[in-house]
Every structure is written in C-alpha cells, then in structure tokens.
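Given next are the chains, with one letter for each unit.
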Amino acid sequence: MLDFAFEYRLEDFLLAPALTTGRDVTALYGPSGAGKSLTLLCLVGLRRPSRGYIRLNGRTLFDATAGIHLPPHLRRTGLVFQEYALFPHLTVASNLAYGLRNSSRAEMQERVQAMLRLLRLDAFGDRYPGELSGGQRQRVALGRGLIIQPELLLLDEPFSALDQMERERLRVEVLELLQGFGGTTILVTHNLQEAYLMARQIAVIDGGRILQAGTRDEVLQHPRTRRVAEHVAVTNIFQGTVADADAGAAAISWHGQRLMVTCPLPPPGTSVEFCIRPEDVRLVWPEKATERPNVLRGHLTAEVERGVDFLLRFRAEGPTAAGGEIEIHCSEHLHYLMKLHPGKQVFIAFALDKLHVLAPPS
Amino acid sequence: MELFPIFLSIRVATLSTMLAGVLGVGLAWVLTRTRFPGRTLLESIVVLPLVLPPTVVGFYLLLFLGRSGPLGAWLEAAGLEIVFTWRAAVIAATVASLPLVVKAVQAAFETVDPKIEAAARTLRPAASVFLTVTLPLAWRGILAGLVLAFARGMGEFGITLMLAGSIPGRTQTLPLAIYDAVQANDLAQANALALTTIGIVTVLLFVLSRLPRVRL
C-alpha cells in the first residue's frame with residue numbers, strides 16, 4: 001500500500017498531493033502542468049518535499065518531521081519515462097542488469113535472461129538501445145524497473161512517444177506484464193481513455209492537488225465537483241433547483257422540466273449543478289417516449305462524425321431550451337437506424353441513475 | 001639540444017591536466033547539477049584566468065603563495081616550497097587550464113539527459129550513477145577538455161614566469177626556454193624546441209583521434 005501526503009514548492013507552484021492506493025494500477029490523470037511528473041519525482045526521492053510523508057507497505061520513505069528522506073535506490077521503486085531514458089552506452093542486457101548490483105554474476109545473468117524472455121526480447125540482449133524500435137525500448141525500460149522487484153512502479157506517460165499502433169499494442173503488453181507484478185503501480189497520463197484502459201483506480205490531479213480519487217467508474221460517473229467533471233469529459237453540466245428531496249421521489253426542476261434522480265439531494269429550493277455523461281444520454285424512439293421517465297423532446301442542432309460514433313448536439317423544446325444544448329454520443333448503427341440528421345426532431349431520456357449532482361464549489 | 005625543458009613541460013602539462021581534470025570535472029558537476037546562492041560568482045571566479053592577463057593572475061598567485069602569503073607561509077611551515085620550483089609551474093598551468101576544462105565538461109554534462117540520470121538514481125547510489133552513467137556519456141566532451149588543458153599546460157608562459165621564474169634546469173619549461181633561446185639569439189635551439197612542441201601536440205592529437213568512439 002502506498003500512502004502519501006506532502007508539499008513541494010517550485011517557485012509559484014505548490015504541489016500538495018495526498019493519496020492512498022493499494023496493490024493495483026492507479027492512474028494519476030490530469031492536464032499538463034498539473035504536477036503529475038513532479039509528484040513522481042517526489043515519490044521516487046529525486047525531489048525532497050518540504051512537509052508531509054510518503055509510506056510504502058509500512059516503510060517510511062519520507063517524513064519531514066522525522067527527517068527521513070530515503071535515497072531513490074533504497075526505495076524499491078521503479079521509474080519509467082516517456083522517452084525511455086535507457087543507457088545508450090550499455091547493451092539491453094546491461095541496461096536490465098543495472099539495478100542488480102548486489103547479486104552474484106550467475107544470478108544476475110539468470111534474472112536478465114528471464115526478463116528478456118518475459119519482454120519477448122530474447123534475441124536483443126546484446127543490442128544497444130539505439131538499435132531498437134520505440135516499443136521495444138519502452139519494454140526494456142519497463143523491464144529495467146521491474147527486474148529489481150520493486151514494491152512501487154512509477155510510469156510517467158510511458159506510451160506518449162509511440163505511434164498509435166505501437167501504443168495500443170504496448171498498452172496490452174504492459175497490462176500483461178503488470179499482472180505478474182504484485183506491487184503498486186502509478187501511471188501518469190493526460191489521456192482519459194488510457195487512464196480508464198490501464199487503471200483500476202483514477203486520481204484526478206490539477207493545480208498540484210488531487211481533486212478526487214476512486215475506482216475508475218466512480219470517478220467517471222460520480223465526479224465530486226464541476227472541476228473534476230470537466231476533467232473527466234462530462235460535457236453536460238447544468239444548473240437546476242431541487243424540487244423534491246424525499247428518497248424515492250427526488251427530483252430536480254430544470255427550466256420547467258422535472259428530472260427524477262436517484263442520488264440524495266439537498267432541501268427543496270436549493271440551487272444545484274448536475275451532470276450526465278454524453279454517452280449516457282439515450283435517444284428514444286418516439287412511440288416509446290411516454291413509457292420512460294425524464295424524456296425531453298427537441299431537435300438535433302449539429303452532428304460530428306467521428307469514425308466510430310457520432311457526436312450530436314440537442315436542444316429541447318419550450319422553456320427547457322434555455323437550459324442549453326445537450327451533447328450526445330451515439331453509435332453509427334443507431335444513427336443509421338434512426339435516420340438522424342441535424343434539424344430532426346428526437347426524444348432523449350436521462351436514466352435516473354446516470355444523472356449526478358455535483359457538490360457546490362468550495 | 002637541451003632536453004630538460006621538454007621533459008619538464010611534459011611533466012608539468014601531465015600533472016596540471018590531471019589536477020585540472022579532477023578539479024574541473026568536480027566544479028563542472030557542481031555548476032551544472034546543483035543550485036545554490038553564489039553559484040554564478042563561483043563560475044565567474046573559475047573563468048577569470050581566461051580573461052585576465054596572465055601576468056595579473058601570476059602576480060596575485062605569487063602574493064598568495066609566496067613565503068609571506070597566507071597559503072605560502074602555511075605551506076612553507078609544512079615543509080612544502082612552491083614559488084620558484086617546478087610545483088609552481090604545475091600550479092600555474094593548472095590555474096590557466098582549469099577554466100577550459102570546466103567549460104568543456106559543463107557543456108558535456110549538459111548533453112546528458114537528466115532523465116537518464118534520474119532513472120539510474122532509482123537503481124544505484126548517486127556516486128555509482130556518476131561513474132557509470134554521467135561520466136561515460138559525457139566522456140567525449142571531457143576528453144576534449146583534457147586535450148585543451150594539456151595543450152594549454154604545454155604552452156603556459158605568463159603565469160609560469162611570474163610564479164616559477166625561468167630558472168634553467170629547474171623551472172624553465174619549453175615556452176620559456178624558446179623565449180630564452182631567442183633572446184640569446186640561439187635560433188637553432190629555439191627552432192629545435194619549437195618543432196619538438198609541435199611534434200608532441202601532433203602525436204597527442206593523433207592518438208586521441210584513434211581512441212574508440214563512445215556508442216550513442
């Protein structure tokens with residue numbers, strides 16, 4: 001288990017992340033300049049925070065009050081960079097063996113061979129990093145970190161330097177490799193799709209702070225604040241008023257439209273922000289529109305074809321139009337079946353459990 | 001031809017290159033890899049011998065290391081004579097070549113990707129990383145600095161004259177001996193010594209060009 005809360009100041013930027021994670025993959029997800037990489041440098045011990053603590057499986061790696069600051073090589077932490085950072089003057093085998101200083105020669109060779117096999121680079125032990133492809137280099141970098149059997153593995157945007165095909169292949173390979181790794185992994189990424197694909201947990205970081213951390217579905221479906229919602233691509237964020245707060249009949253009034261919700265609500269009359277993911281907005285066949293709750297009638301105002309799906313914009317009819325446009329993701333198949341096009345009148349529905357109320361900004 | 005100045009100069013240049021190499025690599029590392037108040041001041045002081053007239057540098061070294069100077073008195077008490085000995089020639093050549101080494105090595109260290117060092121630091125202690133990653137990757141730049149230092153040590157004139165004098169058979173290095181020969185109108189001697197200097201530097205450069213390249 002990794003548990004940390006610390007402060008590190010870099011000129012005007014204050015990094016103050018706090019997180020507790022278990023033995024699986026956590027994505028540290030946020031925009032550039034959020035403090036992701038700096039957090040890794042502090043965790044690995046290359047930067048010394050001014051306050052706080054870092055604990056890994058019961059060991060204290062850093063504690064400002066106790067004056068503990070373990071040097072990086074004693075932290076049992078592997079670090080993998082976007083640009084691989086392999087040693088260009090050493091062979092692949094020597095790169096892998098770099099962290100195995102205290103092993104016997106025979107043991108070292110055995111572990112390097114085993115790692116080469118695991119990385120499917122058996123034939124490349126004597127090559128130099130400059131002779132490998134980007135994906136192969138990144139595998140070596142990962143192997144170099146894993147071979148010391150670390151308790152914590154830190155991956156700093158490990159796929160960003162690769163082209164699309166290699167990136168997707170390597171993501172799968174890395175997931176396989178990580179299955180055999182029993183420790184904690186922190187994956188830094190600014191790609192939400194990558195965070196979702198690779199990690200069980202997502203921690204959203206911005207402005208040097210972790211805004212929310214939890215399972216990937218929790219963070220994506222239930223962003224705590226508007227800021228988190230925006231970071232996790234919840235594009236439909238609206239303002240309404242609580243109409244009824246009783247459990248079982250909870251509802252929000254939104255420009256004349258009554259929207260039933262399942263989440264708990266503050267007292268009636270309170271102004272609230274609520275949101276729904278664009279992929280959770282359902283298009284409803286007209287003949288079924290009366291059977292469903294939370295149905296809005298309106299028309300499509302725009303569409304963008306995105307290869308695998310369509311991004312549609314919808315505006316409701318009547319007073320609800322003032323609530324703003326709603327973004328919808330719709331499969332190509334459904335788009336074809338419903339014969340959708342901009343200007344067409346359609347019905348949409350918000351599933352009760354997909355409508356989510358955001359906490360007021362603090 | 002008199003051989004003493006040749007051997008003295010080779011000895012002085014070799015020792016001063018070693019001294020300036022160790023000091024210069026250390027200083028360059030401090031200047032590129034650490035941040036502390038007074039860093040720019042230190043850098044300026046190191047580079048000073050490059051811009052000041054050698055006689056000025058020699059003059060203050062003489063005051064500092066002379067028998068009544070702060071360090072000189074202390075060294076003399078310890079039984080180590082500096083001024084007007086071959087040791088003074090080594091110090092003069094070291095001071096003159098140090099800025100060249102520092103500048104070259106600084107540039108070399110700056111070409112080493114900090115992320116490579118960072119990755120190495122997670123696997124080995126800092127000192128080992130310096131020896132096995134930083135130095136090998138900066139090797140060519142360091143070598144270039146050392147070549148410059150050796151050449152500068154072979155050619156040092158002004159500071160040496162001020163600090164070590166030009167005592168034949170004791171502190172008279174090649175450049176000083178050439179000057180002396182010209183003054184005495186012994187052009188044959190001057191020419192022989194000058195050609196020897198050219199020969200030594202040419203051989204050095206040739207050997208260096210044959211060294212294996214570091215694979216990158």
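Just so it is clear, the structure is predicted and the values come from calculations on it, not from any experiment.

1. Brief notes about the overall build of chain A
Helices and strands together make up the secondary structure of chain A, namely nine helices and 22 strands. The C-alpha extent of chain A, read off along each of the three principal axes, is 75 × 50 × 35 Å. Within the span of chain A, comprising 362 residues, buried residues form 38% of the whole. A separation of at least 24 residues holds for 66% of the contacts in chain A among residues at least 6 apart in sequence.

2. Concerning the interface of chain B and chain A
The partner chain A presents 20 residues to the 17 residues of chain B that form the contact. If you list the elements that add at least two residues to the side of chain B that touches chain A, you get helix 6 (114-121) and helix 7 (126-155) of chain B. Here the side of chain B that touches chain A takes six residues from helix 6 of chain B, the largest share from any one element. Class assignment for the residues of the side of chain B that touches chain A results in 11 nonpolar, one polar and five charged.

3. Comments concerning the domain arrangement of chain A
Assigned domains within chain A: domain 1 (2-230) and domain 2 (235-353). Each of domain 1 of chain A and domain 2 of chain A was reduced to a C-alpha centroid, and the two centroids are 39 Å apart.

4. As for the nonpolar core
Counting residues in hydrophobic clusters, the biggest one holds 149 residues, and the most contacted among them are Ala-27 and Val-204 of chain A together with Ala-92, Val-105 and Leu-163 of chain B. Looking at this core element by element, the count peaks at 16 residues for helix 5 (residues 86-110) of chain B. Leave out the neighbours within four places in its chain, and Val-105 of chain B touches Gly-24, Val-25, Ala-28, Ala-138, Gly-141, Ile-142 and Gly-145 of chain B.

5. Brief notes about the environment of Pro-72 of chain A
Mapped onto the fold, Pro-72 of chain A is located in the loop between strand 7 (68-69) and strand 8 (77-80). A C-alpha to C-alpha distance of 9.5 Å links Pro-72 of chain A and Leu-41 of chain A, two positions 31 residues apart in sequence. Beyond its immediate stretch of four places on either side in the chain, Pro-72 of chain A contacts Val-44, Gly-45 and Leu-46 of chain A together with Arg-121 and Thr-122 of chain B.

6. Quick look at the environment of Tyr-179 of chain B
As for its position among the elements, Tyr-179 of chain B is in helix 9 (residues 174-183). Note: C-alpha distance between Tyr-179 of chain B and Asp-113 of chain B (66 residues apart in sequence) is 47 Å.

7. Digging into the sheet that holds strand 19 (residues 309-316) of chain A
All names here are of chain A. Here five strands make up an open sheet; going across it, the order is 17-21-18-19-20 and the pairing antiparallel. Here the strands that pair on one side only, and so sit at the sheet edges, are strand 17 (281-284) and strand 20 (326-331). Strand after strand, the sheet turns through a mean of 50 degrees between neighbouring axes, direction not considered. In the sheet, strand 18 (residues 295-305) pairs with strand 19 via seven bridges, with the strands oriented antiparallel. Counterpart to Leu-300 in the pairing with strand 19 is Phe-314.

8. Observations concerning the packing of helix 1 (residues 4-33) of chain B against helix 7 of chain B
Axis angle and axis distance: for two packed helices, these are the angle between their axes and the distance between the axes, and together they describe the pair. Residue and element names in this part refer to chain B. Running from N to C, helix 1 and helix 7 cross one another at 140 degrees; their axes reach a closest spacing of 8 Å. Taken together, the axes of helix 1 and helix 7 are oblique relative to one another. As for how helix 1 packs across helix 7, the hand of that crossing is right-handed. Here Ser-9, Val-12, Ala-13, Ser-16, Thr-17, Ala-20, Gly-21, Gly-24 and Val-25 of helix 1 come into contact with helix 7, specifically with Ile-142, Gly-145, Leu-146, Ala-149, Phe-150, Gly-153 and Met-154. Its residues assigned to classes, the contact of helix 1 with helix 7 comprises nine nonpolar, seven polar and no charged.

9. Details of the environment of Ala-250 of chain A
Residue and element names in this part refer to chain A. Considering the arrangement of structural elements, one finds Ala-250 in the loop between strand 13 (236-244) and strand 14 (251-254). Assessed through the 21 C-beta atoms surrounding it within 10 Å, Ala-250 is described here as buried. For the pair formed by Ala-250 and Ala-233, sequence separation is 17 residues and the distance between their alpha carbons is 26 Å. Those residues in contact with Ala-250, other than ones at most four positions away along the chain, are Asp-244, Ala-245, Val-261 and Leu-265.

10. A few points about the sheet that holds strand 11 (residues 201-206) of chain A
Strand pairing in a sheet relies on backbone hydrogen bonds. The paired strands run either parallel or antiparallel. Residue and element names in this part refer to chain A. Spatially, six strands are ordered 8-9-10-4-11-12 in an open sheet, and the strand pairing comes out mixed. The open sheet is flanked by strand 8 and strand 12 (209-215), the only strands paired with a single partner. When strand polarity is set aside, the average angle formed by the axes of neighbouring strands in this sheet is 15 degrees. Direction of pairing for strand 11 relative to strand 12: antiparallel, over a ladder of six bridges. Bridge pairing links Ile-205 to Ile-210 in strand 12. Packed on one face of the sheet, helix 1 (residues 36-44) meets strand 4 (25-29), strand 8, strand 9 (152-156), strand 10 (184-189) and strand 11 and runs near 150 degrees to strand 9. Against the sheet, helix 4 (residues 134-146) engages strand 8 and strand 9, with an angle of about 170 degrees to strand 8.

11. Details of the pairing of strand 1 (residues 2-10) of chain A
Residues and elements named next belong to chain A. Inspection of the sheet shows strand 1 paired to strand 5 (residues 51-56) by six bridges, in the antiparallel sense. Bridging from a neighbouring strand, Asp-3 pairs with Arg-55 of strand 5. Of the pairings in the sheet, the one linking strand 1 to strand 3 (residues 18-21) comprises four bridges and is antiparallel in character. Opposite Ala-5, over in strand 3, you have Ala-18 as the bridge partner. Here three bridges tie strand 1 to strand 2 (residues 13-15), and the two strands are oriented antiparallel to one another. Bridging across to strand 2, Tyr-8 finds its partner in Leu-15. Linkage of strand 1 to strand 2, two consecutive antiparallel strands, is achieved through a turn of two residues, within which Glu-11 is found at a positive phi near 50 degrees.

12. Things to note about unusual backbone geometry
Comment: phi is negative for the bulk of residues other than glycine, and the bulk of peptide bonds are trans. Residues and elements named next belong to chain A. Although it is not a glycine, Ala-85 sits at a positive phi angle of roughly 55 degrees. Within the secondary structure layout, Ala-85 lies in the loop between strand 8 and helix 2 (92-97). Even without a glycine there, the phi angle at Gln-149 is positive, about 50 degrees. Mapped onto the secondary structure, Gln-149 falls in the loop between helix 4 and strand 9.

13. Quick notes on helix 1 of chain A
Restricting attention to buried positions, one finds in helix 1 of chain A the residues Lys-36, Thr-39, Leu-40, Cys-42, Leu-43 and Val-44 of chain A. The positive-phi residue at the C-terminal boundary of helix 1 of chain A is Gly-45 of chain A, with phi of around 100 degrees.

Quick notes on the rules
Residues numbered from 1 in each chain as written. Chains lettered and ligands numbered in written order. Predicted model: local features only at pLDDT ≥ 70, side-chain atom pairs only at ≥ 80, totals over all residues. Helix = DSSP H or I, 4+ residues; strand = E, 2+ residues; numbered from the N terminus. Buried ≥ 20, exposed ≤ 12 C-beta atoms within 10 Å, placed from the backbone. Contact = placed C-beta atoms within 7 Å. Nonpolar A, V, L, I, M, F, W, Y, C, P; charged D, E, K, R; others polar. Domains from an automatic or database assignment. Core = buried A, V, L, I, M, F, W, Y, C linked by C-beta atoms within 7 Å. Pairing = 2+ DSSP bridges. Axes fitted to C-alpha atoms, helices over the stretch in contact; angles between N-to-C directions. Parallel < 35°, antiparallel > 145°, perpendicular 65-115°, else oblique. Left-handed = near helix turned anticlockwise from the far one by under 90°.

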